[in-house]
Each structure stands twice: as structure tokens, then as C-alpha cells.
Amino acid sequence: MSLGVLLAACQTGESDTKDELSLDYEKIILNNGLEVILHEDNSDPIVAVSILVHVGSNREKPGKTGFAHYFEHMLFQRSENVPDGGFFKNINEWGGTFNGGTWTDGTVYYEVVPKDALEKVLWMESDRMGFFINAVSLASLEGEKPVVQNEKRQRVDNQPYGHTQSIILKALYPEGHPYNWTVIGELEDLQNATLDDVKEFYEQWYGPNNATLVIAGDIDRDKVMAMVEKYFGEIPSRGIDTPMKPQPAALDETKTFYYEDNFAQLPEIRFTFPTVEQFNEDQWALDALGDILSEGKRAILYKEIVEGAKLAPSVSSYNSSNELAGTFTIRVRANKGTGLDSVRMVIDQALAKFDQEGFDVKDLDRIKAGIETNFYNGISSVLGKAFQLAQYNEYAGTPDFVKTDLAKIKAVTKEDVMRVFRKYVLGQNRIVTNFVPKGEADLAIAGAILADIKEEGINEYGQSEIIEEEGDFTIIKTASSFDRSKEPDFGEAPLVTPPTIWTTTTGNGIDVYGVEANELPLVNFSMRIMGGHYLDDLNKIGVANLMTDIMMEGTANKTPEELEDAIGQLGANLSMFTSDEYIQVSGNCLSRNFEATMGLVQEILLEPRWDEKEFDRIINQTLQTIEQRETNPNTIATVVMNKKLYGENHILGHPSIGYEDVVNRITMDDLKAFYESYFVPNVTNYHVAGKVTQKRAVDALGRLATEWKEKEVIMPAYDVPAVGQDPQVYFVDIPQAKQSVIRIARLTVPSDAPAYNEIMVANDRLGDGSSGRLFQILREEKQFTYGAYAFPRRNVMVPSSFTAFSSVKSSTTKDALDTFKEVIGSYSDTYTEEDLKKTKTAMIKENARNFETLIDLLGILHNISTYDLPQDYIDQEQKTVTNSTIKSIQNTVNKYFDLSNYVFVIVGDKATQYAQLRVDGPGDPVLVDRYGNADESI
């Protein structure tokens, strides 16, 4: 066959029987070993491209850890024919989105773009697969190290319990085992990486014969294969493509460790048992065991730890099977001050009881009932389809393995679950980790060994010295059959067809919004009851937040356990949450179960149970969350910023979850009063998207449309502080923080004002993604951070806000803050015609992605109903983009991006950073506590 194809086999996963769930696809293997999978889906004019390379941290060598993840970063820089930063700039500018990810067993790169950009993406992806290594200089090698180091600080070092995984892996797997280290690795190893290391890794693992390329979406098969052959076909096979064999762990004894965590407020214990690799015959029963032990009111760990001993508000357990080995984990984050010896004892008692009593088979039935819903949710986007096809192909040998996978889950029996429980968990050796707050080592299990964790110093690992200037480096081009330096043109412009939105209003005032979308047999729906935290009493902050927890704990006719069963047996997902300005009920189910699922929503909203036992647990869980919030730098920054934007006397100046002393005073009667006053139909918006007609959607409201009584709700009137005329800077101390959180914000205009769209357009080249100036300068040029962004946010009761933010290495705090000021302050003067052109291209083309998933469609309905926007508001946004000029952008920037009107919040290490930020006059930082109040400790 032509196209350099060694094997072409058209396989279909579609079955005539409704019992099989899978995807249509075509698999082609090129002569160089690249496995190409095509999936046609013309429901939206977009395409997903995913390349899964079969190399993760398990292919690294001791002393060179973190290299697979670091290499993923390097491949986003440049290649022989794609200029520096091409991926970060181009994909966004073409109206797309992109990213990459590395885990123990693989690395994935992906893009979702309007279909006219497909050839451009294949050009870029092929260039980094086959034409990358000659573009790597010592300067580019060294320049990416600080970025990865910042990612580790952000995700590990500056997070409570962030070092847990490192302790477990080193204890569980012997030295030299491929899972002995974390994916992100050690900073010291990364610092020592050389050009030779890069070249060796690339040649060994990044050959086309070690990868799967998936293209899913609105494609023409023949045209796409011609592109694939053109761009990938001439890349030679190289390196290693033989999968590793399983290497399961074994423990001769139980090992117990403790660690005093600078960011933890609560003690946490984990049991980690060695289990089996992925697709081992025991994996599916172990997966079910994880759910059965801890999920739901009947779960033994929940009943014994949460309900019985009252040692924690929740517990979790789960199996994780990877390519070479697996683990089974039990985790309990205990109540404040709880000794972990008592938690360990109750866990062991619960496991012994489970061995004697077993479990109700209904819990296994619930897991199986959710299989179909979860499958369709997983393929609800073209990217989800691409991921599924790639994963099964690369690790199981064929995308068809999804059939086997689902069949194995369905075949699990109660006997299987008990067998694997006794084989891998009951009485088995394990790794036990105890993470306790700083200074509370006495809470750890007696005899635990202090874990060996290397803490990075605040000023350790400074900016790399670049010993090779880019001007001295010349890329030597690899020979190609065509001129790869020429970027392909766009294809035919995609035709975007907005969905048809229907609306109606029930007799009792519920506003209903819907979109019928029949690609998948799913329905997503929501009910937004306006008010939320905004309706809290200033003296009882936290009532609205508690409402959404208590309302999901049973109904007048169903215990909490029975309600869980009813939802689970439908394979549905139901949840509730409180936001600043509304309370939302969210649902997701199979279309055939829509009416039954909505029947449960009717019960939840009209017949609350007010379960006192659950109320006590929820109060405890809320207090625990408040404790944890006080050590999360990003959450602290949000709390302080809101206090300064809205003020002490405005409800939005306070966190919706409340404060410890206030939550302790809230009673069930407070919740009942909130329900009676504010849970009414005439402030409720109902949204539905999926395989459901307007008639079915409206009829499914049932008693909510007939028995739910209208009542007047008056939204409180609060004064919003005027925007300041001088910058206001606040500093919150987090001792020994490895990063500083920087947040810069102000209030702007009402969300339905034309100026909101103008701010959104003006921000595109400043902070909206990786092509924005903030990202390009703070991350790519200066390496201060893992990312820097800015965005406007719509509000209902108050003006919309505009926020710029980043988390930066502690020692660069002042320089990063100065860079924010310089970039934003000069934005108007540096904005060019080229910026405007790229903004128009990106914001018009990205419209192709606005209507893809049910979540996307529901989001559009939310915007229309919540912010009183017209149905064609996206078209109006597009008109604002089209009509924008440099002058209009500059006017918007000068009016709304003037930093003298902004509040600055910095959360970091006072001992090393605060003094550097001091200035005379406006802008001198004020020390505040973690709630934005004057710091009395100063």
C-alpha cells in the first residue's frame, strides 16, 4: 500500500449489541514504527492531536531523576524549524489549546485546534519528534531548569503533605527500582543535567517506533494520512521501543515514618501496600476494593473511623496499578490534635471487621452501574477520545482493549474482592507515613522513624549561569525531503454552527434554558439558586456553605445511605456547592435515567432530611477545611484579596466557608431558616444539555414546577469600596515558604457592560495563556515562575474583577513584582498592530471550540442566565474583537490596567523577602495576617 504503510488495518469498536462500549478507529503503522490511530468525529469543526511517547520516569537512571519530565519541558522550546517558544505562542494564536504531561510510565503531548490548523500542528509535532536535538544549546538547557524547579516548589515544596509520595516510593521500592523516585525528581539531579544527557535521552526514547499518534475529530482520512506520511514518514526509527517487564514490590517488614510538615495543620496517616501492575488479573478487584472500603455510608472505614471513633471527617482508599507495579493506599487526615496511633489502631480494627463481615453486594453493583456513564463522560470530547485510544494502544497493544477492560470490571465478584483484600491488604506489610504539623511530633505513631527529606533552602539553586550566548550557537539542519522551515498555511476555515438554545419559564418562576445535543446518550444539568454566600448574615458567615452539604445527606424519605444507593444504582452523579453568588445543584446521567435522576433532585430540594448526626460530621469537616486553608498560600492570597477589595463590612470580604468561632455557633435551625427564606423557585435557573428534548427536560422538573412555592427574596445592598488611587500592597508571612504568591487585582465594570468584553480583548496579549506577555517574560525570559496569567471574572452582585497572578521562587519576589509592574505598566505603549492581529485571529478561531462538550454548552447557558446576557453574547464578544483597534485597546488598558488602582497581595517568607519590598510612600507593603487583618504579632 502507498503512504509508506507497513500495515493498515481498519478496526471498529462499534458493536451491534448495546453491551459493548468502544470507539470506531483506524490503526495504521508506518514503516518507521509510528502507530497512527484515526478517529472521525465531525460533530464540531475541531481536531485533537495526541502523541504518547512510551517513556516516563521509570526509564531514568539513579542520579538523573526527573529527566523525563524535564525533557517534556524542553520539547516545548524550539526545534530545528519551529522558532523559540513556538508551541507557547502559536497554538493559542491559532485558536487552540495544548499541554503535555509526564508520569511514571509515559509522556503525552496534545493539542486541540480548529480543524484548519491541523497541518500546522502536525508540522510542529513532527519537528520535535525528528528534528529537535540539533536545536538544543547549553543556553536553552540551562534556561529551562529554573522553570521545572519552580514547578516542584509550587506542587511539592509549598504544599501541605507534598513530600508524602517521595517518602513512600523510597521506602517501598529498593534503590535502582524504576519507581524509587518521584516523577519530578530531585532538584540536585536536575541541576546537574548536561547536554549529553539530553542527547542520550532523546536518541534512546523519542523515536517514532516508541510512540502512538492519535488524530481525532473533524478529519478527512485520506488528506490526514497524506499529512502524516509527509511530516512523520521520513523520521527514522531509533532507540529502544521494548516495553519493560513488571517489577512488583515486596516488603519483608512494615516500615513507619514521620515528618513534621511546615504547611500541614492536621495530622495525616497513610498505609501503602504493594500490589500488582496494570492489567494484572487482580487489578480490577483491587480497584473495586478501594471504592468499597471507603466510599459511602456503608463503607467499613467510613463507619469505624468517621462515624464510630469520630477521628476524622472522611477517609479514602484506592488502588493504583501502573505499568511495572502497583500500590493500595488508605489515607486518613485526622482531626486537629489527634494522635495517629489511635487512627492506626482503628484502621486495623476496621480491616479485621471487614474480613469477618464482608460487604453488601449492592456496593459492587453501584460501581458497575456507573461504568456506562463514566465511559461516555470519558469520551465526551475529542481529546478524551484521543487519550483513551492512545493509552490502550500503547499499554495494552490495541485500542480494542477497552472492551476487555470494561468486561473485567463487570466480571468482578464479591469473592474476588475479598480474595484480593486478604492477599494484598489484610495483615500484610506496608509503608506507614505520619505527617504532622511542625512542632507536633508527639502525634506520630510511637517508634516511627524521622523521614529523610532534603528541604531546599530559600536561596538555594539560583538562576543558572548561561555560559553560552545564543549568538554563538548555530542550528545545523537535518536533511529533509522538503523545506520544513516553511510553516504550512491554514486549511479551509471551519464553519461554526452555534447550538440552538431554547428557553421557557415555569408557572412558579423557574427560568429554564436548554440545548439538545444527541451525539452521546448523556444529559448534564444544573439548577442555580441565586444568592449563595451573598445571602449569609455577617454574624453567621458559613450557613450557605453548610447548606449544600446537609442537603445531600438524605431526604425525608431516604436515609443518607439510601440516597447514596439511589444515585449509585442509576449510575448518576449528583452534587451541590455554594459559590459567592449562588447555590448550584449539578447532575450528570445517562439519558434513559434522566427522569429518575431528576426525581431524586426533587426529593433533595423539596424534602430535606436535616440529619443531626450528619450535621455534626459536616461541622467537623468544615472546621478541618478551615484549618487546612490557613496554610495554603493561594487560598490565603484569595481571602486577603477579597477582604481588601470588598472591605470588612461587605459579605464578599469574608470567605464563604466562614471562620472557626462562627461555624462552631451555627445550628441546624440556622440552616432551616436559610432554606425557608432563600430556597425558592423564582430565583432559580434550570439548565440542561444533552440527549433530551425540551418537553422531557421541562416535564422532569415535576413537583419543582408545581409544588415549590414562590417567595420574595431581597438581595442585601452593600457599599462597594471605591477603586483606590494609590497602589495598596499587603504582605502575609508564611515562614520558610519556597515560593511567594503574587496577586494583583481590582474591581472594574458590571459583567453585562460592553466594557467587560473590551477588557477581555485587551487582556489577550497580556495574560490570557502562554502567548501572553506575563507568561513569556516572567517564565520564558526570566524563569521566575512556572506560569503567570491574568483574567477578568464576571460577578452578579458586584462589579467584575480583573486579576493578575503568579507563584514565584522566593528569592525572586521583588524582581518578579517589579516585572509585573513593568509589563502591565508598559502594556499600552508596547501594544502593536501585530498584537491586535494575533488577538483577532485567536479569539475568532477559538470560537470553534466553544460548543464541543455538554460542559461547554452548560457553561454558555450559565453565563446567559446568571449574568443576564443575550443568547448571542458570544457573537457580541466576537464583534468586539472584530471592531477593536489599537486606539480602543490602549484606551481600555489606560482606564482599567492602571496599577495605581490595584491591590497587591504577596504571600511568602517575611524573614527573607519583606524588607526588600519596602518603599517610601504609596506601595509600601502592610503586614497582615492570613485573613487580611492587621498583623498583631508585628
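1. Remarks on the overall build of the protein
Of the regular secondary structure elements, the protein holds 34 helices and 25 strands. For the protein, whose C-alpha radius of gyration is 28 Å, the value lies close to the compact-globule estimate of 30 Å for 938 residues. On the principal axes, the C-alpha backbone points of the protein span a range of 75 × 70 × 60 Å. Of the contacts made within the protein by residues no fewer than 6 positions apart, 83% connect residues no fewer than 24 positions apart.

2. Some remarks on unusual backbone geometry
At Phe 279, a position not held by glycine, the phi torsion is positive, near 70°. Within the secondary structure, Phe 279 sits in the loop between strand 9 (268-274) and helix 9 (283-294). At Asp 868, a position not held by glycine, the phi torsion is positive, near 55°.

3. A word on the sheet that holds strand 15 (residues 511-516)
Overall, mixed pairing links the six strands, which are arranged 14-15-19-16-18-17 in an open sheet. Looking along the sheet, the strands with just one partner apiece sit at the ends: strand 14 (501-505) and strand 17 (573-578). For this sheet the average axis-to-axis angle between neighbouring strands, irrespective of direction, equals 15°. The sheet contact formed by strand 15 and strand 19 (residues 684-690) spans six bridges and is parallel. Counterpart to Val 512 in the pairing with strand 19 is Tyr 686. Helix-sheet contacts for helix 13 (residues 371-378) involve strand 16 (522-530), strand 17 and strand 18 (582-590), and the interaxial angle to strand 18 is about 105°.

4. Digging into the pairing of strand 15
The pairing of strand 14 with strand 15 spans five bridges and is classified as antiparallel. Bridge pairing links Thr 504 to Val 512 in strand 15. Where strand 14 folds back on strand 15, the antiparallel hairpin that results is connected by five residues, among which Gly 509 adopts a positive phi of roughly 100°.

5. A few points about the pairing of strand 23 (residues 801-809)
Taking burial as the measure, the nine residues of strand 23 include eight buried ones, the bulk of the element. Taken together, the seven bridges between strand 22 (residues 785-793) and strand 23 define a ladder with antiparallel strand orientation. Directly across from Pro 792, in strand 23, lies its bridge partner Phe 802.

6. Let's talk about the pattern of salt bridges
Pairing between side chains of opposite charge can happen when their charged atoms approach one another. Summed over the entire model, instances satisfying the criterion amount to 64 salt bridges. Glu 93 serves as the salt-bridge partner of Arg 765, at 2.8 Å between the closest nitrogen and oxygen. Linking Arg 765 in helix 26 (residues 754-767) with Glu 93 in helix 2 (residues 86-93), this pair joins segments that are 672 residues apart in sequence. When the shortest N-O distance is used, the salt bridge between Glu 307 and Lys 303 registers 3.5 Å. Highlighted residues: Glu 307 and Lys 303, both in helix 10 (residues 300-308), separated by four residues, approximately one helical turn. Several salt bridges converge on common partners, so that one network encompasses Asp 291, Arg 298, Lys 362, Asp 363, Arg 366, Glu 561 and Asp 565.

7. Observations regarding the sheet that holds strand 24 (residues 903-908)
The strand order 22-23-21-24-20-25 describes an open sheet built from six strands, whose pairing is mixed. Of all strands in the sheet, those with a lone pairing partner are strand 22 and strand 25 (926-928), marking the two edges. Recorded for the sheet is a direction-independent mean angle of 20° between the axes of neighbouring strands. Summarising the sheet, strand 21 (residues 739-747) and strand 23 pair through nine bridges and their orientation is antiparallel. Paired with Val 741 across the two strands is Ser 807, which belongs to strand 23. Those strands touched by helix 4 (residues 138-157) are strand 21, strand 22 and strand 23, and its axis lies near 65° from that of strand 22.

8. A word on the packing of helix 9 against helix 12 (residues 361-369)
Direction vectors running N to C along helix 9 and helix 12 enclose 120°, while the axes themselves pass 10 Å from each other. Relative to helix 12, the element helix 9 lies oblique. Helix 12 is crossed by helix 9, and the crossing has right-handed handedness. Taking contact as the criterion, the partners of Ala 288, Asp 291 and Ile 292 in helix 9 are, on helix 12, Asp 363, Leu 364, Arg 366 and Ile 367. Across the contact of helix 9 with helix 12, the residue classes break down as four nonpolar, no polar and three charged.

Scoring rules and cut-offs
- Residues numbered from 1 in each chain as written.
- Predicted model: local features only at pLDDT ≥ 70, side-chain atom pairs only at ≥ 80, totals over all residues.
- Heavy atoms only, no water.
- Helix = DSSP H or I, 4+ residues; strand = E, 2+ residues; numbered from the N terminus.
- Rg over C-alpha atoms; globule rule 2.2 N^0.38 Å.
- Contact = heavy atoms within 4.5 Å.
- Pairing = 2+ DSSP bridges.
- Axes fitted to C-alpha atoms, helices over the stretch in contact; angles between N-to-C directions.
- Buried < 20%, exposed > 50% of the residue type's maximum accessible area, 1.4 Å probe, protein only.
- Salt bridge = Lys/Arg side-chain N within 4 Å of Asp/Glu carboxyl O.
- Parallel < 35°, antiparallel > 145°, perpendicular 65-115°, else oblique.
- Left-handed = near helix turned anticlockwise from the far one by under 90°.
- Nonpolar A, V, L, I, M, F, W, Y, C, P; charged D, E, K, R; others polar.

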